[in-house]
Amino acid sequence: MNNKMNFVNEYITSGLTVICSLLITILCLTGCSGGGVVNKDNLSAAEKTYVPPGKYDEFYAFLSGGYSGQIDVYGLPSGRLFKVIPVFSQDPCSGYGYSEETKPLLMTSYGFLPWDDLHHLQISRSNAILDGRWLFANGNNTPRIARIDLPAFETVETIELPNCAGNHSSPYISANTEYAVGGGRFSIPVPNKDVSINSYKQNFKGILSFVKIDPKSGHMKLGFQLLVPGYDYDLARFGKGPSKDWCFFTSYNAEQAHTLLEVNASQFDKDYTIAVNWKKLAALVDSGKGETFNTKYCHNILDPNSRVASTNVISQETVLTNKDYAGCVYFLPTAKSPHGMDVDPTGEYMTAGGKLAAEVTIFSFKKMLAAIENQAYEKSIDNIPVLKYSEIIATQVAKPGLGPLHNEFDDSGNGYVTNFISSDVTKYNVQSGEVLDKIPVYYSPGHLLIPGGDTSKPWGKYLVALNKITKDRYLPTGPDMDHSAQLIDISGAKMKLLLDFPTHGEPHYGQAILASMLMPKSVKFFDLAKSTHPYVTKSEKDVKVTRKGNEVHVYMTEIRSHMNPDNIQGIKVGDKVYFHVTSLEQSWSIGHGFAILGGDIPNIRVMSGETKTVIWTPKHPGIYPFYCTDFCSALHQEMQGYVQVVGANTDKVPLSWSMGNDKTD
Amino acid sequence: MTMQTRVLASISALCLAGTYFVPMWYIILSAPQFPEGLGLNIWLHGIEGRSPFDLQNINLLNHYIGMADIVPAQLIEFKLLPIAMLIPLSGLVVSIIFKLQKLYLPCALFLVLIGIVGLVDFNHWEYVYGHNLNPHAPIKIPGMVYDPPFLGVKQLLNFTAISIPGFGVVLALLATVFAYGASINRKMKLKGGSHQLLANLGVFLFMCLTLSLNSCANLLSPQPKAIAWGIDTCAFCKMNIVDRQTWCELSNSHGKIYLFDSLTCLHKFSQGKKNNITKMWAGNFVPPHKPIDINQACFLLTNKRNGSMGQCILTFANKQEIIPYQNMGRMIFSWSVLKLALDKSFYSSTVSNQ
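What counts and how
Residues numbered from 1 in each chain as written. Chains lettered and ligands numbered in written order. Predicted model: local features only at pLDDT ≥ 70, side-chain atom pairs only at ≥ 80, totals over all residues. Heavy atoms only, no water. Pairing = 2+ DSSP bridges. Helix = DSSP H or I, 4+ residues; strand = E, 2+ residues; numbered from the N terminus. Axes fitted to C-alpha atoms, helices over the stretch in contact; angles between N-to-C directions. Contact = heavy atoms within 4.5 Å. Buried area = accessible area lost by both parts, 1.4 Å probe. Salt bridge = Lys/Arg side-chain N within 4 Å of Asp/Glu carboxyl O. Polar contact = N/O pair within 3.5 Å; in protein donor to acceptor, adjacent residues only side chain to side chain. Buried < 20%, exposed > 50% of the residue type's maximum accessible area, 1.4 Å probe, protein only. Parallel < 35°, antiparallel > 145°, perpendicular 65-115°, else oblique. Nonpolar A, V, L, I, M, F, W, Y, C, P; charged D, E, K, R; others polar. pLDDT = per-residue confidence, 0-100. Patch = residues over 30% accessible without salt bridge, like charges linked within 9 Å, V, L, I, M, F, W, Y side chains within 5 Å. Areas by Shrake-Rupley, 256 points an atom, 1.4 Å probe, with all protein chains shown as cover. Left-handed = near helix turned anticlockwise from the far one by under 90°. Domains from an automatic or database assignment. Phe/Tyr/Trp six-rings, centres within 6.5 Å; stacked < 30°, edge-to-face > 60°. Lys NZ or Arg CZ within 6 Å of the ring centre and 35° of its normal.

A.B. asks: Pulling in residues and values, what's your account of the sheet that holds strand β12 (residues 329-332) of chain B?
C.D. replies: All names here are of chain B. Spatial ordering of the open sheet is given by β11-β10-β12, a layout of 3 strands whose pairing is antiparallel. In this open sheet, the two strands that pair with only one neighbour each are β11 (312-316) and β12. Within this sheet the neighbouring strands show an average axis-to-axis angle of 25 degrees, counted without direction.

A.B. asks: Break down the interface of chain A and chain B for me, with residues and values.
C.D. replies: Contacts between the two partners involve 12 residues from chain A, matched on the other side by 10 residues from chain B. With both sides pooled, the region where chain A packs onto chain B buries about 910 Å², and carbon together with sulfur makes up 60% of that total. Looking only at chain A, the three residues that lose the most surface to chain B are Arg560(A), Gln586(A) and Leu635(A), adding up to 54% of its buried area. Summed over the shared surface of chain A and chain B, the result is 0 salt bridges. On the surface where chain A and chain B come into contact, there are 5 residue pairs in polar contact (both at pLDDT 80 or more).

A.B. asks: Let's hear about unusual backbone geometry: which residues, and what values?
C.D. replies: Most peptide bonds take the trans configuration, and most residues that are not glycine carry a negative phi. Note that the residue after Tyr442(A), namely Tyr443(A), is joined by a cis bond; omega there is -15 degrees. Inspection of the secondary structure assignment puts Tyr443(A) in the loop between β30 (435-440) and β31 (445-449). For the bond from Pro287(B) to Pro288(B), the omega torsion is 5 degrees, close enough to zero to count as cis. Of note, Pro288(B) is situated in the loop between β8 (277-283) and β9 (291-293). We note that Leu260(A) has phi near 45 degrees; this positive angle belongs to a residue other than glycine.

A.B. asks: Lay out the pairing of strand β1 (residues 25-31) of chain B in plain terms, naming residues and giving numbers.
C.D. replies: Residues in a regular strand point their side chains to alternate faces of the sheet. Residues and elements named next belong to chain B. Of the two faces of β1, the one holding Trp 25, Ile 27, Leu 29 and Ala 31 is buried and the one holding Tyr 26, Ile 28 and Ser 30 is not buried anywhere. Here β1 pairs with strand β5 (residues 159-165) via 6 bridges, running antiparallel. Each bridged residue has a counterpart across the sheet, and for Tyr 26 the counterpart in β5 is Ile 164. Pairing analysis gives 6 bridges linking β1 to strand β2 (residues 34-43), with the strands arranged antiparallel. By the bridge assignment, Trp 25 is partnered in β2 with Ile 42. Where β1 folds back on β2, the antiparallel hairpin that results is connected by 2 residues.

A.B. asks: How would you explain the packing of helix α8 (residues 263-270) of chain B against helix α10 (residues 335-343) of chain B if you had to name every residue and give the values?
C.D. replies: Residue and element names in this part refer to chain B. Look at α8 against α10: their axes get within 11 Å of each other, and the N-to-C directions meet at 85 degrees. Regarding the angle of α8 to α10, the classification is roughly perpendicular. Residues Leu 263, Leu 266 and His 267 of α8 touch α10, and the partners they reach there are Trp 335, Leu 338, Lys 339, Leu 342 and Asp 343. Across the contact of α8 with α10, the residue classes tally to 5 nonpolar, 1 polar and 2 charged.

A.B. asks: Can you lay out the confidence of the model for chain A for me, pointing to particular residues and giving the numbers?
C.D. replies: Here chain A shows a mean pLDDT of 92. Residues at 70 or above account for 94%. In the predicted structure, residues 1-8 of chain A sits below a pLDDT of 50 and forms 0 contacts with residues beyond four places in sequence or in another chain.

A.B. asks: Give a description of the pairing of strand β1 (residues 59-64) of chain A that names residues and reports values.
C.D. replies: Residues and elements named next belong to chain A. Burial within β1 is extensive, with 6 of its 6 residues counted as buried. Burial of the side chains of β1 extends over both faces: Phe 59, Ala 61 and Leu 63 are buried on one face and Tyr 60, Phe 62 and Ser 64 on the other. With 5 bridges joining them, β1 and strand β35 (residues 510-514) adopt antiparallel strand pairing. Opposite Phe 59, over in β35, you have Leu 514 as the bridge partner.

A.B. asks: Just give me the short version of a nonpolar patch on the surface, but keep the residues and values in it.
C.D. replies: The grouping of Val93(B), Val94(B), Ile97(B), Phe98(B) and Leu100(B) at the surface amounts to a nonpolar patch, some 430 Å² of accessible area in total. Mapped onto the secondary structure, Val93(B) falls in helix α3 (residues 77-98).

A.B. asks: Provide a residue-level description of the packing of helix α1 (residues 3-18) of chain B against α3(B), including the pertinent values.
C.D. replies: Each packed pair of helices is defined by two parameters, the angle between the axes and the distance between the axes. Residues and elements named next belong to chain B. Running from amino to carboxyl end, α1 crosses α3 at an angle of 155 degrees, the nearest separation of the two axes being 9 Å. Considering the angle they form, α1 stands roughly antiparallel to α3. The element α1 and its partner α3 pack so that their crossing is left-handed. Within the contact between the two elements, α1 uses Arg 6, Ala 9, Ser 10, Ser 12, Ala 13, Leu 16 and Ala 17 and α3 uses Met 85, Pro 88, Leu 89, Leu 92, Ile 96 and Ile 97. When its residues are assigned to classes, the contact of α1 with α3 shows 10 nonpolar, 2 polar and 1 charged.

A.B. asks: Would you mind going over the domain arrangement of chain A in detail, with residue names and values included?
C.D. replies: All names here are of chain A. Taken as a whole, chain A is organised into domain 1 (59-521) and domain 2 (538-658). With centres defined by C-alpha atoms, the gap from domain 1 to domain 2 works out at 43 Å. Across the boundary between the two partners, domain 1 contributes 9 residues, which contact 10 residues of domain 2. Roughly 920 Å² of surface becomes buried between domain 1 and domain 2 when both sides are summed, with 51% attributable to carbon and sulfur atoms. Our count for the contact surface shared by domain 1 and domain 2 stands at 1 salt bridge. Close ionic contact of Arg 307 with Glu 610 constitutes a salt bridge, the shortest N to O distance being 2.8 Å. Counting every contact that joins domain 1 to domain 2 gives 6 residue pairs in polar contact (both at pLDDT 80 or more). Across the side of domain 1 that touches domain 2, the residue classes tally to 3 nonpolar, 3 polar and 3 charged.

A.B. asks: Describe the confidence of the model for chain B, and please don't skip the residues or the numbers.
C.D. replies: Should the pLDDT be low somewhere, the predicted coordinates at that spot are not to be read in detail. All names here are of chain B. Taken as a whole, chain B shows an average pLDDT of 83; of its residues, 84% reach a score of 70 or greater. Of all helices and strands in chain B, the one with the weakest mean pLDDT is helix α11 (residues 346-353) (43), whereas strand β3 (residues 46-49) scores best (93). Within the model, pLDDT remains below 50 along residues 346-354, and this stretch shows 18 contacts once partners closer than five positions in the same chain are excluded.

A.B. asks: Could you give me a rundown of the packing of aromatic side chains, with the residues and numbers involved?
C.D. replies: Applying the stated criterion to the full structure yields 46 aromatic pairs over all chains. Ring centres of Trp25(B) and Phe150(B) lie 5.9 Å apart, and the angle between their planes is 45 degrees; on these two criteria the pair is classed as tilted. Here Trp25(B) is found in strand β1, whereas its partner Phe150(B) is found in the loop between α4 (104-131) and β4 (152-156), with 125 residues between them in sequence. Taken individually, Trp25(B) and Phe150(B) each receive the classification buried, so the pair is uniform in this respect. Feature note: the residues Tyr179(A), Phe210(A), Phe224(A), Phe238(A), Phe249(A) and Trp278(A) constitute an aromatic cluster, connected by ring pairs. Lys270(A) extends its terminal NZ or CZ atom over the ring of Tyr389(A), reaching a point 4.4 Å from the ring centre. Directly above the ring of Phe526(A) sits Arg307(A), whose terminal nitrogen or CZ lies 3.6 Å from the centroid.

In structure tokens:
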């Protein structure tokens, strides 16, 4: 009887549940259709961008941080932020730029410069296809190029570019990663001197730098520089396929104005793109052409075995002038104030958005070669021939939108251009110039990226518009808001908006690569046995504290869950104390850290198998606790210790150290 | 000596030689924060991590619970085993070359001996490894020991430990079978007759049984199972088992273990299955709530237990343990009396009348 009652109860309960669910569903549906909050398109966008917990994104996207000096690593299509890689910045999170091992990476001829404006990114490539070995980034303010090791996702090399300012047309790299380039958006006297600003036309010059990249190690070396007319060299692209020996730098300010450029540099109908045959130039330099300039610049590199960076100051370099490079350098007239010339996947078409002309000009590389062959010159500037505009254009995209800026390409012969003023992205056919589709973005896009969209093999699935203005896209966060990016599905005939996600700093450009190309190579930890760090402590037996005058070196180890030594006595006020902290761990994703009371340097974090050093100068006698800052284990909170600091002239406390000695006085 | 015999003996020798080149046993550990897993490969001549630093990381994690480091160089077994294996191997080789037919059986028997001694030693080492805990360990869980399973799967705190034989054990077994086969082949040639073969097969099966005895140990001496709190369900009422003070278990003659959230459920479940039940346990009310044999336990019927609303039966190991709690309810000193009480619904009336 009882059992029967239970069954009846169960039926009633489940019946009620079904009815309730139906009611809720109906309510939801009516609510939605009435409010128009959810429609079928958005649902499919949600499905397309949803990466379930524990699953992986299809692409890694690297977005530059602009004035943050960092690179942000996102997943596509989810828009999730995975990591921030400090490059031209000090990072309190990792200790990059604070630890003695990483500080040299920020050295320049102007001194230690822990900031730069990081604009553009380039993933290394082979045969104009991304290979994912390294990522290159430019420093815009104090001209530099950095190399980021992609297996470790960390900055391992920086090189300063002398004689120039505002390294904006950088670090664009050639089809086989032979060269990275730099070019100044400011012309300055070369070599720099205190001339009158009014003497711009006479004294100011442009410098284009070609940085040679070692194909095996990735090490950078300044190959040569090119002295060119004093315009503002803005952006660059190497050719690929048939055009792979050429590099194209757009410029503005053919007017050579030095004040109120917004007006004075916007007068001419055309500006100039400088086309450079870098292969021939490299051969010229090899044959001994060019002048040797005395200069000073820094080359900084992290040794992979010790993981310690060092600085090399270089004092000479080779500069090619118009006496040397005849036959290798030409000017291409380009629609008013262009902001970059991009080369399509075939290498035959070069597209340039005339920022103030509201058209995208498509040049033909074949026609350019023919014009050079036929000497179809308009005129020449400083002995550089200017090719006839009508002889080199293939077609143009008429009315793509207002303020066309940057182009990327898919794998079906289409180009995509961002329009800053009309705030949209336009899809066009590269061969015909016909506009195919247009989609609004929010708001005012600068660069855009398609995974592999600047190579011979784009993955034409997603496009990310990197917008400059945020306004009402997210919950407001005061006057300064993170920029917004839009993920757009470009797999069909019509572009579809899939997702908005905030980007930190100001992403100027980005690169994306298939996750499966990087994921297997990602470093899990550093091999402690192979470490050649001069202050490494490879086992707890080797822990020690040494004194040389007022310099004290603490050879400390960290392993779950103790620091050794954790009691240090007899440090004196005014000592320069080096903590060389080695993580003895050999395990993935287990990090330790170090911080000390009153330490004027932020925490440093130490990954498995590496050694990091901080300097501390105690100012008062007392007890100074230190601890591990990275929640490494269940007993992380117990991972701590004490330093006793005595007066500068006290000699009664000898230097001593211990761990696990619980003797009491 | 026939060709067949020599082929059998050669295969045996090859299999035996192979045991030097493949792991004998695997211990695999996985935990929520170790999705990639940690593992130990046990070879004839030593232990190493499945990945280069697994051994180091296992030692590192084990120091929290006070387990000793595994230092392969300190384990005498890994010096003896490769030498011990050489004895039957060289025996086989010598008998193949010099046609010493009488040596095959001793070789096979010696292999069986190594197998038994090896496995008993392995089991013993696991016991010592899991029980020998540093009293100053940062994490101490009363009553908890950490022997890895001898064979199969076991939950050790956040780690699921799996222990399985490696290809080396398979090779050693094959070597034994073939060595034995060679000796049978010889006897059959001498005496003939299928009864001899049958008798020999019987001996072989007995050997196999001996080897696998340990894995079947649960049938002979059943052990209570660790309950996954909030996940395992009561075999009778199907509710999730959450109460660590009232749980109980029983095992049947098939070696199967049933879990219950209360003795009431266990009793109702067991009615009509009396002959089938081999053992019953209930968690001691006194921390650390170790399982105790129900047939030797004392019980307290109460509705005054802290943190629980209804009536319940608490279990104690003996009368001394129950005395401090006597004011909480009614004491019953044997399972048979308690059953009587449960059968007659004596339980609820007794408790409510208090």
